[in-house]
Amino acid sequence: MATGLKTTKINTPENGNKEKTLLKELFAEELKSNYWAEKQLSKVLLRMSKGATAIELSNAFKQHITITESHINRLEQTFKILGVPARGKKCESVDGLVKEAQQVMETTEKDTAVRDVALIISAQKIEHYEIAAYGSLVKLANTIGKPDIAHLMQQTLDEEKEADKILTQIAESGININADIER
Ligand SMILES: [Fe+2]
Ligand SMILES: [Fe+2]
């Protein structure tokens, strides 16, 4: 969540400040939060990939690291378009989700399908967070009159949705059933 917005003045075309608005500032804060999040996620995805039991799940995590790199890249392009330095700001929600994913590795048994089920749950919580975050950025980019940024954020949004779908497919392809017979 964005916090620390300093400007309280409402800027209108009448008072001569057409460029800077509170909404644009909020947008930039959300970008920073997503930038921080994606960088953390690329690290945790590597750990999840190493911790996964099923090869298809491990590969899906690995593949999402590459996709996450392009999410970072698009955020950097967006900062550039806005003329804002590309800087991250800690996102408490993602920090919690990352901690939860790490806990899965510590509290589940290695080489089990149950661990994979728990990893998929963690990963899908992360993807759903990202879907909410990028969905908002797409809408807001259009509102602030930046269709080029909306297009970039839409590409990322589509990839997050696709990642979520892939995780569901992997879970349903046998991991859930295998986990159900583990003792
Ligand atoms: Fe992402
Ligand atoms: Fe993602």
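The structure this text deals with has already been given above.
For every chain, the first residue of its written sequence is number 1, and the numbers climb from 1 along that sequence. Here chains are named by letter from A upward and ligands by number from 1 upward, in the order in which they appear as written. At least 70 in pLDDT is required for a residue's local features to be given in this predicted model, at least 80 for side-chain atom pairs to be given and counted, and no such filter applies to totals for whole chains, interfaces and linings, which use all residues. Each side-chain value is worked out from all heavy atoms of the structure, with water and hydrogens disregarded.

Turning our attention to empty space enclosed by the protein. Rolled over the atoms, a probe sized like a water molecule indicates the empty space that remains. We place a 1 Å grid over just the protein atoms. Points where a 1.4 Å probe fits but has no way out form a cavity, open points with protein on both sides within 12 Å along at least 5 of 7 lines form a pocket, and any residue with an atom within 4 Å of a point lines it. Grid points are joined across faces, edges and corners, and a volume is the space filled by probe spheres set on the points. Taken as a whole, this structure holds one cavity of 30 Å³ or more when the rule is applied. A volume near 30 Å³ is recorded for the largest cavity. Taken together, Asn34, Ala37, Glu38, Tyr129, Glu130 and Tyr134 make up the lining of the largest cavity. Runs of H or I in DSSP of at least four residues are treated as helices and runs of E of at least two as strands, each being numbered from the N terminus. When contributions to the lining of the largest cavity are tallied by element, the ones reaching two or more residues are α1 (22-51) and α4 (113-143). Each residue gets one of three labels, nonpolar for Ala, Val, Leu, Ile, Met, Phe, Trp, Tyr, Cys and Pro, charged for Asp, Glu, Lys and Arg, and polar for the others, Gly among them. Grouping the amino acids of the lining of the largest cavity by side-chain chemistry returns three nonpolar, one polar and two charged.

By secondary structure assignment, the location of Val104 is in helix α3 (residues 92-107). Remark: the alpha-carbon pair of Val104 and Leu137, spanning 33 residues in sequence, is separated by 30 Å. Apart from the residues within four sequence positions on either side, Val104 is in contact with Arg115, Ala118, Leu119 and Ser122. Pairs of residues are marked as contacts when any of their non-hydrogen atoms sit within 4.5 Å.

Around the iron ion (ligand 2), the protein contributes the donor atoms His64 (NE2), Glu127 (OE), Glu127 (OE), Glu130 (OE) and Glu160 (OE), at 2.1 to 2.6 Å from the metal centre. As a rule, N, O and S atoms within 2.8 Å of a metal are its donors, except that Na, K and Ca use 3.2 Å; water is not among the atoms, so sites may look incomplete. Sequence spacing among the residues donating to the iron ion (ligand 2) works out to H-x62-E-x2-E-x29-E. The metal-metal distance between the iron ion (ligand 2) and the iron ion (ligand 1) is 3.4 Å, with Glu130 coordinating both. In this pair, His64 sits in helix α2 (residues 55-82) while Glu130 sits in helix α4, placing the two residues 66 residues apart along the sequence. Taking the relative accessible area as the measure of exposure, His64 reaches 6% and is therefore buried. Exposure classes here rest on a 1.4 Å probe applied to the protein chains alone. A residue is buried below 20% of its type maximum, exposed above 50%, and partly exposed in between. A relative accessible area of 4% places Glu130 in the buried class.

For the rest of this paragraph, the subject is the environment of Gln154. Note on placement: Gln154 falls in helix α5 (residues 147-180). Since its relative accessible area comes to 30%, Gln154 is described here as partly exposed. Separated by 20 residues in sequence, Gln154 and Tyr134 have C-alpha atoms that sit 7.3 Å apart.

Here Thr78 shows up in helix α2. Any pair of N or O atoms that falls within 3.5 Å is considered a polar contact. Within protein, one atom must be able to donate a hydrogen and the other to accept it, and sequence-neighbouring residues count only if both atoms are side-chain atoms. There is a polar contact of 2.8 Å between the side chain of Thr78 and the backbone oxygen of Arg74. Not counting residues within four places of it along the chain, the set of residues in contact with Thr78 comprises Phe27, Leu31, Ile149, Leu152 and Met153.

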